[in-house]
Amino acid sequence: MCTMSQKISDDEQNLYRCMEEFRLRFVNPSGEESIHLLVESHKEVAKALADCWARKYKEGIQMITKRREVQNEVFLLNKRIEEKQAALLVTISKLKEDEQYRERLGKEIQDVKEDFRDKKEAILASKRANKERLKELHKSATIFKERLGLEIRKVCGDRLQFVFRCVNPKDLDQPYTFLLHINEEGDYEVSQSDPPLESVAVFQQKVRETNNFAALLANFRKEFTALACKE
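Peer 1: So what exactly am I meant to see when it comes to the nonpolar core here?
Peer 2: Generally speaking, nonpolar side chains in soluble globular proteins are found buried as a group. Core analysis: the biggest nonpolar cluster contains 22 residues, and F162, F164, F178, F220 and F224 have the highest contact counts within it. Counting only elements with at least two residues in this core, the list comes to strand 1 (150-155), strand 2 (159-164), strand 3 (176-182), strand 4 (188-194), helix 3 (200-210) and helix 4 (213-230). Top element by residues in this core is helix 4. It accounts for six residues. For F178, the contacting residues outside a window of four places in its chain are L160, Q161, F162, F164, V190, S191, Q192, S193, L217, F220 and F224.

Okay, here's the thing in structure tokens:
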């Protein structure tokens, strides 16, 4: 198939050939025959030129149409590329958000684990401390019993019942009791005084502030003694 430049070159050659024939046939023109030949030749040249420019016009229209088609294809291709790029950016953004979410979730899980471990260690330390304090109370039980007529019993799990005797002169065996335990916060908690005493809450607050357990026992015995004297 011949190219566009080849077609134009062929048309020019045809035009040059017609002009050459015209020159050779009318080098010495004369008379009516020459005029007739001149007119006919002019018609042929005019027709050749018209055909030539008609082909060029048609080819030009085809080139413009083809160019528009190519431009439309390029436009559609660029649009698809932009859409793909936009979709890719959205995907990348979602992936980044997912990665950030995973990192944040992982950090939160790690923080929860560390917080749980710290709380667990604190609870274990508190339990160990409470056990040590209870051991000290048990060690003191014999001394308290001998000197104050006090008996310490372990009841209801880790609760301790303190039983005072030799309080009431009229009945030395009459028991006067209260319950004591150490709560989850590691504080002394006093309850169930028998007979009931109005100052139980005050005694509890004092032992929490001073950690003086001996004073707590002395205060209870003093209150029980005063109550026995009133009976």
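Peer 1: Please explain the sheet that holds strand 3 as it appears in this structure.
Peer 2: Strand pairing in a sheet is mediated by backbone hydrogen bonds. Such pairs are either parallel or antiparallel. The sheet built from four strands is open, its strands ordered 1-2-3-4 with antiparallel pairing. Across the chains shown, the open sheet's two edge strands, defined by having one partner strand only, are strand 1 and strand 4. The mean inter-strand angle of the sheet, taken between neighbouring strand axes irrespective of direction, is 25 degrees. Where strand 3 meets strand 4, five bridges bridge the pair, whose relative direction is antiparallel. Paired with H181 across the two strands is E189, which belongs to strand 4. This element, helix 4, spans strand 1, strand 2, strand 3 and strand 4 of the sheet and lies at about 155 degrees to strand 3.

Peer 1: Help me understand the confidence of the model for the chain, please; the structure alone is not making it clear to me.
Peer 2: The predicted structure's coordinates, where accompanied by low pLDDT, should not be read in detail. For the chain, mean pLDDT is 79; residues scoring 70 or higher make up 74% of the total. Here helix 1 (residues 4-25) stands out as the element of the chain with the lowest mean pLDDT, 63, in contrast to helix 3, whose mean of 93 is the highest.

Peer 1: Any chance you could explain the pairing of strand 2 here in plain terms?
Peer 2: A regular strand places its side chains on the two faces of the sheet in alternate fashion. Within strand 2, five of the six residues are buried, leaving the element largely enclosed by the surrounding structure. Examined bridge by bridge, strand 1 and strand 2 share six bridges and lie antiparallel to one another. Its bridge partner being in strand 2, E151 is matched across the sheet by V163. Connecting strand 1 to the next strand, strand 2, in antiparallel fashion are three residues, including C156 with a positive phi near 50 degrees.

Peer 1: Where do I start with helix 3 in this structure?
Peer 2: Within an α-helix, residues lying three or four positions from one another point in the same direction, as the helix has 3.6 residues per turn. What helix 3 keeps buried is the set V200, F203, Q204 and V207. Taken around the axis of helix 3, the buried residues stretch over an arc of 100 degrees, which confines them to a single face. The exposed residues of helix 3 that point more than 90 degrees off its buried face are A201, E209 and T210. Taken from the residues just after helix 3, N211 is the one with a positive phi, measuring 60 degrees.

Peer 1: Mind showing me how you'd approach the pairing of strand 3 here?
Peer 2: Of all seven residues in strand 3, seven are buried, a share of seventy percent or more. Side-chain alternation along strand 3 places Y176, F178, L180 and I182 on one buried face and T177, L179 and H181 on a second face that is also buried. Both strand 2 and strand 3 contribute to a ladder of five bridges, which runs antiparallel. Bridging across to strand 3, L160 finds its partner in L180. Taken together, strand 3 and the strand that follows it, strand 4, pair antiparallel across an intervening segment of five residues, in which G186 is found at a positive phi of about 85 degrees.

Peer 1: What is the right way to look at the side chain of H181 in this model?
Peer 2: Within the fold, H181 resides in strand 3. For H181, the side chain forms a polar contact with the side chain of R159, separated by 3.2 Å. In contact with H181, other than residues within four places in its own chain, are D158, R159, D187, Y188 and E189.

Peer 1: Please explain unusual backbone geometry as it appears in this structure.
Peer 2: Where the residue is not glycine, phi is negative for most of them; where a peptide bond is considered, it is trans in most cases. The amide bond that connects D194 to the next residue, P195, takes the cis arrangement and shows omega of 5 degrees. Here P195 is to be found in the loop between strand 4 and helix 3. Of note in this structure, C166 is not a glycine but carries a positive phi near 55 degrees. As for its position among the elements, C166 is in the loop between strand 2 and strand 3. The class for C166 is partly exposed, based on a relative accessible area of 45%. Even without a glycine there, the phi angle at N211 is positive, about 60 degrees. As for its placement among the helices and strands, N211 is situated in the loop between helix 3 and helix 4.

Peer 1: Is there a simple way to think about a nonpolar patch on the surface in this case?
Peer 2: On the surface, Y57, I61 and I64 cluster together into a nonpolar patch covering about 310 Å² of accessible area. Positionally, Y57 belongs in helix 2 (residues 31-148).

Thresholds, definitions, all that
- Residues numbered from 1 in each chain as written.
- Predicted model: local features only at pLDDT ≥ 70, side-chain atom pairs only at ≥ 80, totals over all residues.
- Heavy atoms only, no water.
- Core = buried A, V, L, I, M, F, W, Y, C linked by side-chain atoms within 4.5 Å.
- Buried < 20%, exposed > 50% of the residue type's maximum accessible area, 1.4 Å probe, protein only.
- Helix = DSSP H or I, 4+ residues; strand = E, 2+ residues; numbered from the N terminus.
- Contact = heavy atoms within 4.5 Å.
- Pairing = 2+ DSSP bridges.
- Axes fitted to C-alpha atoms, helices over the stretch in contact; angles between N-to-C directions.
- pLDDT = per-residue confidence, 0-100.
- Arc of directions from axis to C-beta.
- Polar contact = N/O pair within 3.5 Å; in protein donor to acceptor, adjacent residues only side chain to side chain.
- Patch = residues over 30% accessible without salt bridge, like charges linked within 9 Å, V, L, I, M, F, W, Y side chains within 5 Å.
- Areas by Shrake-Rupley, 256 points an atom, 1.4 Å probe, with all protein chains shown as cover.
- Salt bridge = Lys/Arg side-chain N within 4 Å of Asp/Glu carboxyl O.

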